[in-house]
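# Tertiary structure, described
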Amino acid sequence: MGTALLYDEEMTKYKLLWVDPACKIEVPERLIVSYEALVRSGLSDRCISIPAREASDSEILLVHSELYLEAVKKTPYMTLEDLKEFTLQFGDVYFHPNIYQCAKLASGSALQLVDSVMTGKVRNGIALVRPPGHHSMHGAANGFCVFNNVAIAARYAKQKYGVKRVLIVDWDIHHGQGVQYCFEDDPSVLYFSWHRYEHQNFWPNLRESDYDSVGKESGAGFNINVPWNNVGMENSDYLSVFCHVLLPVAYEFCPDLVLVCAGFDSAIGDPEVHKKTENNDNIYAFYSSFSKGSYLNIVCLHALLFCALRKTSSSQLKLAE
Ligand SMILES: [Zn+2]
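Residues numbered from 1 in each chain as written. Predicted model: local features only at pLDDT ≥ 70, side-chain atom pairs only at ≥ 80, totals over all residues.

## Points about the overall build of the chain
- Counting its regular elements, the chain contains 11 helices and 8 strands.
- Intrachain contacts of the chain at a sequence separation of at least 6 include 76% that bridge at least 24 residues. (Helix = DSSP H or I, 4+ residues; strand = E, 2+ residues; numbered from the N terminus. Contact = placed C-beta atoms within 7 Å.)

What follows is the structure, encoded as C-alpha cells:
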C-alpha cells in the first residue's frame, strides 16, 4: 500500500478581492508552489493520485450549523459589497464567489483520504487543500478557514466506518480552536496541538488555547494543548514534546485513525515561527515513523503562508519520503 496524494487546482481559484492586511498572505500560490515542489522532486509520481470531490451538505453538517452552511451557500451570488459585509461578521477570513466551491472540495478531499485509508487502498495520504479548516467553528468562519476539514473527516470516519478513537495532531503554529471546540466533550477524539501562545499575545489570543484546557465532562483529559510562551523554539523542544507528551499519550489512546492538521507555518523560514534552528525536518521524519506502527495515518495539509512555502517544500519532501 502506498501514499495517496490529493490535489485539485480548482482550489487555487479564489483570492482576496479587497485590501485587508490580515488576509493578504492568503494567496493561491501557497497551494500551487506546494504542489509544484512535489512534482519537481518526483514525489508526486510515487504517490497514488486520488481525485478530490465535493463534501455534501450532510457531511458538512456533521460539524457546522445549518444556519451557517445556508449563509455560506449564498456567497457565490453576492456582490463585492455584500461579500465584504458578510466577511465582517467573522475574524481574519475573507469570502470570494468561488470559495464555497473550494471549501466543499477541501472537505471532500479529506473524506476521500479517509475512504482511501479505511478501505485499504492506501496506507496514508496527504491532501493539498485550500481553504484550510482548523480555525472554523460550528457557526463561523475564522482564520482563513470556512469548513473544518479535519473535524468533518473525524466525524465522517466514526459514522461511516465505526472508528472508535481518532487522534488529531495539529502541528500548525496557531492553535486550532475550531477543532478543540468541536471535540472538547468527546473522549473518542483526542486533540493535540502545539502552538505559539506567548501568554495569550499570539493569535488567536484565546485563553482556552492554554495548557489547562484539557477538555470538558466526559472529554476531560482528551484535549492537550502545548502552548509555547517563548519564541525561538528549537528542534529539541519539539522532539522533547513529541517523545515525552504526544507519543506516550498516543500509544495509550491507541487510535484507529490519525489525522494531522498540517499547517506548514510552523516550518523554518516562516516569519510566524521564530525558530532558531536551520532545519526542522527531523520532526517531520518522526511523524513519518509515527505512522509506521499499527496506526492508519492521514495527513491533511493546509500551508497557511505563502512565504512558508519554500521551506515547506523541504518539509513536505521529508514527510513524503
Ligand atoms: Zn497557522
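Still more to cover.
## Section: the pairing of strand β1 (residues 2-6)
- The buried fraction of β1 is high, at 4 of 5 residues.
- Relative to strand β3 (residues 122-128), β1 is paired through 5 bridges, and the arrangement is parallel. From the neighbouring strand, threonine 3 faces β3, where its bridge partner is asparagine 124.
- Here β1 runs beside strand β2 (residues 48-49); their pairing, made up of 2 bridges, is parallel. Bridge pairing links alanine 4 to isoleucine 48 in β2. (Buried ≥ 20, exposed ≤ 12 C-beta atoms within 10 Å, placed from the backbone. Pairing = 2+ DSSP bridges.)

## Some remarks on the nonpolar core
- By size, the foremost hydrophobic cluster in this structure holds 71 residues, and its most contacted members are Val150, Ile152, Ala153, Ala154, Val166, Ile168 and Leu259.
- Considering each element in turn, this core owes the most residues, 11 residues, to helix α6 (residues 99-118). (Core = buried A, V, L, I, M, F, W, Y, C linked by C-beta atoms within 7 Å.)

## Points about unusual backbone geometry
- The peptide bond linking arginine 130 to proline 131 adopts the cis configuration, its omega dihedral lying at 5 degrees.
- Note on placement: proline 131 falls in the loop between β3 and α7 (149-161).
- Of note, the amide linkage connecting tryptophan 203 to proline 204 takes the cis form, showing an omega dihedral of 10 degrees.
- Residue placement: proline 204 occurs in the loop between β5 (189-196) and β6 (223-228).
- One non-glycine residue with positive phi stands out, namely asparagine 205, at about 55 degrees.
- Summarising the element assignment, asparagine 205 is placed in the loop between β5 and β6.
- One non-glycine residue, cysteine 254, lies in positive phi territory at about 55 degrees.

## Digging into the confidence of the model for the chain
- Per-residue confidence for the chain averages 86 on the pLDDT scale, and 83% of its residues sit at or above 70.
- Confidence drops under a pLDDT of 50 for residues 288-321, and excluding neighbours within four residues, the segment shows 110 contacts in the predicted structure. (pLDDT = per-residue confidence, 0-100.)

## As for the packing of α6 against α7
- At their nearest, the axes of α6 and α7 sit 9 Å apart, and the two run at 40 degrees to each other. Taken together, the axis directions place α6 and α7 in an arrangement best described as oblique. The interaxial crossing formed by α6 with α7 has right-handed handedness. Counting all contacts with α6, which are made through Ala106, Ser107, Ala110, Leu111, Val114 and Met118, the residues of α7 involved are Asn149, Val150, Ile152, Ala153, Tyr156, Ala157 and Tyr161.
- Tallied by class, the residues present in the contact of α6 with α7 amount to 11 nonpolar, 2 polar and no charged. (Axes fitted to C-alpha atoms, helices over the stretch in contact; angles between N-to-C directions. Parallel < 35°, antiparallel > 145°, perpendicular 65-115°, else oblique. Left-handed = near helix turned anticlockwise from the far one by under 90°. Nonpolar A, V, L, I, M, F, W, Y, C, P; charged D, E, K, R; others polar.)

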